[in-house]
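# Geometric and topological summary
The chain contents come next:
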Amino acid sequence: MTEKSIEKIKTTLVPYEIYTEYDYVDCPDCGQIGEAWRANLARGHKPCACRLALQKQAYINLVIEPKGSSPVAVKFGISTRYEDRLIKQKRSSIYDIENYGVWEFNTTLEATQAEKDCKLLLKRKVLSKSELGDGHTETTYVQNINEIIDIYERNGGIRIK
């Protein structure tokens, strides 16, 4: 692990005695001590309460038939880093997935409320777990894109991508 990654997440590492690829991380922001895989630390991920407090991005991803051009569904949700979520979703899907847009919120509460509103107001689960293993419950029809955008922006989201 590099000094840069340790500096990035501002933690104190205590070596994990049994497995060398793991460390205990003492977070100066929330005070929790968590067990972390070094690769995750290098990416800036924290194994503590701060991890959830950083979900300030909402995204819309298009779910596209392999080798197709038209989306079959839309995946919406919140994340700390939309890029990481996109990679994870691609791994667990039989479809191709592309990012359509990202909205940034001032607070996690705003982002969480936007996601809750989408879940409440939209028909969801249009894909099964076998089609999209990570997040299939936040899939909806392509026709709902404008409504998702409206919900995000009504809750304070600013489009950043």
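Please refer to the structure higher up on the page.
What comes next concerns the included structure. (Residues numbered from 1 in each chain as written. Predicted model: local features only at pLDDT ≥ 70, side-chain atom pairs only at ≥ 80, totals over all residues. Heavy atoms only, no water.)

Quick look at the pairing of strand 5 (residues 71-79) now. Most of strand 5 sits out of view: seven of its nine residues are buried. As judged from the eight bridges shared by strand 4 (residues 57-64) and strand 5, these two strands associate in the antiparallel manner. By the bridge assignment, Leu62 is partnered in strand 5 with Val74. Counting the residues that bridge the hairpin from strand 4 to strand 5 gives six residues, and of these Lys67 lies at a positive phi of roughly 60°. One ladder, built from two bridges, connects strand 5 with strand 7 (residues 139-140); its direction is antiparallel. The residue bridging Val74 from the neighbouring strand is Thr140, located in strand 7. (Buried < 20%, exposed > 50% of the residue type's maximum accessible area, 1.4 Å probe, protein only. Helix = DSSP H or I, 4+ residues; strand = E, 2+ residues; numbered from the N terminus. Pairing = 2+ DSSP bridges.)

This brings us to the pairing of strand 6 (residues 96-104). Note: strand 4 against strand 6, eight bridges, orientation antiparallel. Residue pairing in the sheet places Leu62 in a bridge with Glu98 of strand 6. Two strands pair when backbone bridges link them, and strand 6 and strand 8 (residues 158-159) are joined in this way by two bridges, in the antiparallel orientation. Considered in strand 8, the bridge of Trp103 is made with Arg159.

One recurring pattern in soluble globular proteins is that nonpolar side chains are buried together. Ranked by internal contacts, the top residues of the largest apolar core, which has 18 residues, are Ile60, Phe105, Cys118, Ile148 and Tyr152. Contributing elements (two or more residues each) for this core: strand 4, strand 5, helix 5 (108-121) and helix 6 (145-154). Among the elements that take part in this core, helix 6 stands out by supplying five residues, more than any other. In this structure Ile148 touches Ile60, Val74, Phe76, Cys118, Leu122 and Thr140, once residues within four positions along its chain are discounted. (Core = buried A, V, L, I, M, F, W, Y, C linked by side-chain atoms within 4.5 Å. Contact = heavy atoms within 4.5 Å.)

Here we come to the packing of aromatic side chains. By the definition in use, this model includes two aromatic pairs. Here Phe105 and Tyr152 contribute two aromatic rings whose centre-to-centre distance is 6.3 Å and whose plane-to-plane angle is 85°, an arrangement assigned as edge-to-face. Here Phe105, found in the loop between strand 6 and helix 5, pairs with Tyr152, found in helix 6; they are 47 residues apart in sequence, far enough to count as distant. Taken individually, Phe105 and Tyr152 each receive the classification buried, so the pair is uniform in this respect. Through a chain of ring-to-ring contacts, the aromatic side chains of Trp103, Phe105 and Tyr152 assemble into a single cluster. (Phe/Tyr/Trp six-rings, centres within 6.5 Å; stacked < 30°, edge-to-face > 60°.)

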